[in-house]
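An overview of the molecular structure
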Amino acid sequence: MGLPALEFSDCCLDSPHFRETLKSHEAELDKTNKFIKELIKDGKSLISALKNLSSAKRKFADSLNEFKFQCIGDAETDDEMCIARSLQEFATVLRNLEDERIRMIENASEVLITPLEKFRKEQIGAAKEAKKKYDKETEKYCGILEKHLNLSSKKKESQLQEADSQVDLVRQHFYEVSLEYVFKVQEVQERKMFEFVEPLLAFLQGLFTFYHHGYELAKDFGDFKTQLTISIQNTRNRFEGTRSEVESLMKKMKENPLEHKTISPYTMEGYLYVQEKRHFGTSWVKHYCTYQRDSKQITMVPFDQKSGGKGGEDESVTLKSCTRRKTDSIEKRFCFDVEAVDRPGVITMQALSEEDRRLWMEAMDGREPVYNSNKDSQSEGTAQLDSIGFSIIRKCIHAVETRGINEQGLYRIVGVNSRVQKLLSVLMDPKTASETETDICAEWEIKTITSALKTYLRMLPGPLMMYQFQRSFIKAAKLENQESRVSEIHSLVHRLPEKNRQMLQLLMNHLANVANNHKQNLMTVANLGVVFGPTLLRPQEETVAAIMDIKFQNIVIEILIENHEKIFNTVPEMPLTNAQLHLSRKKSSDSKPPSCSERPLTLFHTVQSTEKQEQRNSIINSSLESVSSNPNSILNSSSSLQPNRNSSDPDLNVVKPTRPNSLTPFRKAKALYACKAEHDSELSFTAGTVFDNVHPSQEPGWLEGTLNGKTGLIPENYVEFL
């Protein structure tokens, strides 16, 4: 189980649970900082003492093996699991090299020590400075608040108003500092996943260069190194998208915190001062209180933010009545009396402000609680999954596949908003929408059409894959092996309403067609997942935890694209039993590392958009499909119409897709991705490798070429000709 997410909404409440969660994150940062310092010390010893090389390397390896990454959230992606176990892999390599006493690494200080010191000083150091500022503001706010609440109600009204204004300013400043500190802690926790591992990877690569006897070990390490490089790059790409989402949410919280309060299971919660009678008089003790209207239960937890700990035992009582305390009956302001069924006497409580007292009074009087439900950030326009909606999507797809399937950055680059809205107004006009044979005019740019398609999906009343299935899809993406993920997602797709499933099939067929042309448009399956995942699977409540799950939303879309024929054209199998699921996971854990046939490195990098929503993006793709009022008439094609197996329209022309003609022989070609050979007849290579005498092979999808005097097979979609 990883570290719990720090929600910005909790900064306002500043509850004991929030403080405990924050402490766990701080402890993890301290642990990381201490580990990095020790790692740097060990590295310097390794450089300076050749005679102690063996013992220094063993200690270094042991340190790596003992450290465990803690990720935010309750599950890890395959890339994160790869990165998390990388330290153990590094330790194994170092132990194998212990007996080989050869030269010291000349550039170890530059590739290992400097980046780690930079990360510790710039990132962890900045987090420590933010903590000092946060602790200082906490003490300042609590002190001023206590002083303010102790003001006598008999003072002049002008003095009281001035004091109220001062407290409001301090409270707002404390809230902003709290948000900034939480944001910095989250950022450092995410950054360490790649900025901390990359220097170690570079250091190991240097060892392989200088150690003659490490040559064979370096070859064995190559598979994991390639997988780790891909995982680091994918994790970095996801971090950039996630960081922008979290930063945007933080800015929203700063501008209007009440609009984004988390929906609480309690009717009311917050800090109250409770009057307690002592033998020497009375005192006011700070409590964090919660109230549940249905059960009428009030829970009081004595807690002081300055000390960061409980001041006694929790107490729960059942509410009998609640009465506002008149100002002239007590010297304290904002007070009210509570009578309990299971406790004699009256409990006098002091709220933090007049507004706070009003909210507590309303909650305890049984009136409706004041909640600010999270509003869906998408527009709820007139978009529907009706014949007009299918017609719009079909026209957009037809225009993309006939005019712009090879445009670089397809669906990633956004169009001008005014043009997009104008095109949508034309397409959504019932008069033009009913004209099914009318194509989109050539005057509209492809980026305008793709943006219109995505915008229309965002205008639907809810995401295409529905709020109620969002968590189920995420859980499916978190399963331990690919077979289980595909099976569970297959089953979930067939639980969607008919029109949702038809539209999703339309989009996935189109996305697969786009991905098949990734060599021209640079939109791989992974890139399409990043673009479309957050829209098709957006959560109902926008929280930090939900943003952290975006990477799993992307994985769901990747699975849908890669397995669209199976998922949409076959009936899902019966769910696996526990024994079968256990066996499936065991097989997965015993499987070999991924080969070059699996997902390559991402080629297309994120284009910065001026529209916040384009950072999250939407998934709207389909092959050219015609969807009429008959739900069974879904047509798929890349350049011409092909009927669905359930279609009964006799007038459709069937054109089967054909492979391109044989390639003309070329003498040189360059590798776009790295690849590990699985058979003796294949070549292993890295990205950028140049091959000679490349020509078509007898094997479909393969070329034949020469590298370093050896002739072998090369995957056709892994190279470009020079």
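Within each chain, residues carry numbers counting from 1 in the order of the written sequence. Note on the predicted model: pLDDT of at least 70 is required for a residue's local features to be given, and 80 or more for side-chain atom pairs to be given and counted; whole-chain, interface and lining totals, by contrast, use all residues. Water and hydrogen atoms play no part in the side-chain values, which are based on all heavy atoms of the structure.

Identification of the chain as Rho GTPase-activating protein 26 from Sapajus apella is taken from an unreviewed UniProt entry. UniProt positions are given in the numbering used here, feature names are shortened, and annotations may be inferred rather than shown by experiment. Turning to the chain, the UniProt record has this under Subunit (unreviewed entry): "Interacts with NYAP1, NYAP2 and MYO16. Interacts with MICAL1 and WDR44. Binds to the C-terminus of PTK2/FAK1."

What follows covers the overall build of the chain. Counting from the N terminus, the helices are DSSP H or I runs at least four residues long and the strands are E runs at least two residues long. Scanning the chain from terminus to terminus reveals 24 helices and twelve strands. Three labels apply to residues, based on accessible area from a 1.4 Å probe with only protein chains included: buried if under 20% of the type maximum, exposed if over 50%, partly exposed otherwise in between. Considering the chain as a whole, with its 722 residues, one finds that 50% of them fall into the buried category. Working rule for contacts: check all heavy atoms of both residues, and any pair within 4.5 Å makes them a contact. Of the contacts made within the chain by residues no fewer than 6 positions apart, 72% connect residues no fewer than 24 positions apart. Note that accessible areas follow from Shrake-Rupley with a 1.4 Å probe, and for residues the cover is restricted to the protein chains shown. When the accessible area of the chain is evaluated, it comes to approximately 35300 Å², of which 49% is carbon and sulfur surface.

Bringing the pairing of strand β8 (residues 668–671) into the picture now. When a strand is regular, its side chains alternate between the sheet's two faces. Of the two faces of β8, the one lined by Ala 669 and Ala 671 is fully buried and the one lined by Lys 668 and Lys 670 carries no buried residue. Bridging between β8 and strand β9 (residues 690–696) involves three bridges; their strand directions are antiparallel. Each residue of the ladder has a partner; that of Ala 669, found in β9, is Phe 691. A pair of strands counts as paired when DSSP detects no fewer than two bridges linking them. Relative to strand β12 (residues 719–721), β8 is paired through three bridges, and the arrangement is antiparallel. By the bridge assignment for β12, Ala 671 is matched with Val 719.

Here the focus is the sheet that holds strand β11 (residues 710–715). Hydrogen bonding along the main chain pairs the strands of a sheet, whether they run parallel or antiparallel. The sheet built from five strands is open, its strands ordered β11-β10-β9-β8-β12 with antiparallel pairing. Single-partner strands in this sheet number two, and they are β11 and β12. Ignoring which end each strand starts from, the neighbouring axes of this sheet average 45 degrees apart. Of the strand pairs in this sheet, β9 and strand β10 (residues 702–707) are connected by three bridges, and their pairing is antiparallel. What sits directly across from His 695, in β10, is Glu 704. Axis geometry follows a simple rule: fit a line to the C-alpha atoms, using only the stretch in contact for helices, then measure angles between N-to-C directions, giving values from 0 to 180 degrees.

Glancing now at the pattern of salt bridges. For this document, the term salt bridge refers to a Lys or Arg side-chain nitrogen within 4 Å of an Asp or Glu carboxyl oxygen. In this structure the tally under the stated criterion is 26 salt bridges. Residue Arg 485 is joined to Asp 78 by a salt bridge in which the shortest nitrogen-to-oxygen separation is 2.6 Å. Here Asp 78 lies in helix α4 (residues 78–84) and Arg 485 lies in helix α16 (residues 482–493), a separation of 407 residues in the sequence. Judged by its relative accessible area of 37%, Asp 78 falls in the partly exposed class.

Another point: the packing of aromatic side chains. The rule is short: rings of Phe, Tyr and Trp, with Trp giving its six-membered ring, pair when the centres are within 6.5 Å, and they are stacked under 30 degrees, edge-to-face over 60, tilted in between. Going through the model one piece at a time under the given rule, you end up with eleven aromatic pairs. Ring centres of Phe 685 and Phe 691 lie 5.1 Å apart, and the angle between their planes is 85 degrees; this geometry places the pair in the edge-to-face category. Taken individually, Phe 685 and Phe 691 each receive the classification buried, so the pair is uniform in this respect. We note Lys 286 situated over the ring of Tyr 271; from NZ or CZ to the ring centre the distance is 5.0 Å. Distance and angle both matter: a charge sits over a ring if NZ of Lys or CZ of Arg is within 6 Å of the ring centre and within 35 degrees of the ring normal. Here Lys 478 stacks its cationic end above the ring of Phe 552, 5.1 Å away from the centre of that ring.

Between helix α5 (residues 86–96) and helix α9 (residues 215–255), whose axes approach to 12 Å, the crossing angle comes to 170 degrees. Taken together, the axes of α5 and α9 lie roughly antiparallel to each other. Listed contacts from α9 to Ser 86, Glu 89, Phe 90, Val 93 and Asn 96 of α5 are Leu 217, Phe 221, Phe 224 and Leu 228. Gly is placed with the polar residues, together with every amino acid not listed as nonpolar (Ala, Val, Leu, Ile, Met, Phe, Trp, Tyr, Cys and Pro) or charged (Asp, Glu, Lys and Arg). Grouping the amino acids of the contact of α5 with α9 by side-chain chemistry returns six nonpolar, two polar and one charged. Any angle between 65 and 115 degrees counts as roughly perpendicular, while under 35 counts as roughly parallel, over 145 as roughly antiparallel, and the rest as oblique.

Packing of helix α11 (residues 387–403) against helix α17 (residues 498–516) leaves a shortest axis separation of 11 Å and a crossing angle of 5 degrees. Between α11 and α17, the crossing angle belongs to the class labelled roughly parallel. Contacts between α11 and α17 involve Gly 389, Phe 390, Ile 393, Ile 397, Val 400 and Glu 401 on the former and, on the latter, Lys 499, Gln 502, Met 503, Leu 506, Leu 507, His 510 and Asn 513. Here the contact of α11 with α17 is composed, by residue class, of seven nonpolar, four polar and two charged.

Topologically, Phe 174 is positioned in helix α7 (residues 157–195). The spatial distance from the C-alpha of Phe 174 to the C-alpha of Lys 133 is 9.7 Å, given a sequence separation of 41 residues.

Moving on: the side chain of Ser 15. As for its position among the elements, Ser 15 is in the loop between α1 (9–13) and α2 (16–48). Under the relative-accessibility criterion, Ser 15 is labelled buried at 10%. Beyond its immediate stretch of four places on either side in the chain, Ser 15 contacts Asp 10, Tyr 271 and Tyr 288.

Another aspect to go through is unusual backbone geometry. Even without a glycine there, the phi angle at Met 466 is positive, about 70 degrees. Tracing the backbone shows Met 466 in the loop between α14 (446–458) and α15 (467–477). Phi at Leu 522 is positive, roughly 65 degrees, even though this residue is not glycine. Along the chain, the position of Leu 522 falls in the loop between α18 (518–521) and α19 (525–536).

Relative to β11, β10 is paired through six bridges, and the arrangement is antiparallel. Counted as the bridge partner of Thr 706 is Thr 711 from β11. Taking the residues that link successive antiparallel strands as the turn, the β10-β11 hairpin has two residues, and the phi of Asn 708 there is positive, at about 55 degrees.

Moving on, we come to the confidence of the model for the chain. This prediction gives the chain a mean pLDDT of 77; 79% of its residues lie at or above 70. Confidence of the prediction at every residue is given by pLDDT, a number between 0 and 100. Highest mean pLDDT in the chain belongs to α17 (93); lowest belongs to helix α24 (residues 612–616) (37). A low-confidence stretch, residues 366–381 (pLDDT under 50), is modelled with 33 contacts involving residues beyond four sequence positions or located in other chains.

Position of Lys 332 relative to the elements: it lies in the loop between β5 (315–324) and β6 (335–340). Within the local environment of Lys 332, its side chain forms a polar contact with the side chain of Asn 150, the two groups lying 2.3 Å apart. Setting aside chain neighbours within four positions, we find Lys 332 in contact with Leu 149, Asn 150, Trp 284 and Gln 350. Nitrogen and oxygen atoms within 3.5 Å of one another constitute a polar contact, given that in protein one can donate a hydrogen and the other can accept it, and given that sequence-neighbouring residues count only through two side-chain atoms.

Moving on to the environment of Thr 138. Along the chain, the position of Thr 138 falls in helix α6 (residues 108–149). What makes Thr 138 buried here is its relative accessible area of 3%. A C-alpha to C-alpha distance of 6.7 Å links Thr 138 and Lys 306, two positions 168 residues apart in sequence. For Thr 138, the contacting residues outside a window of four places in its chain are Arg 19, Phe 174 and Gln 305.

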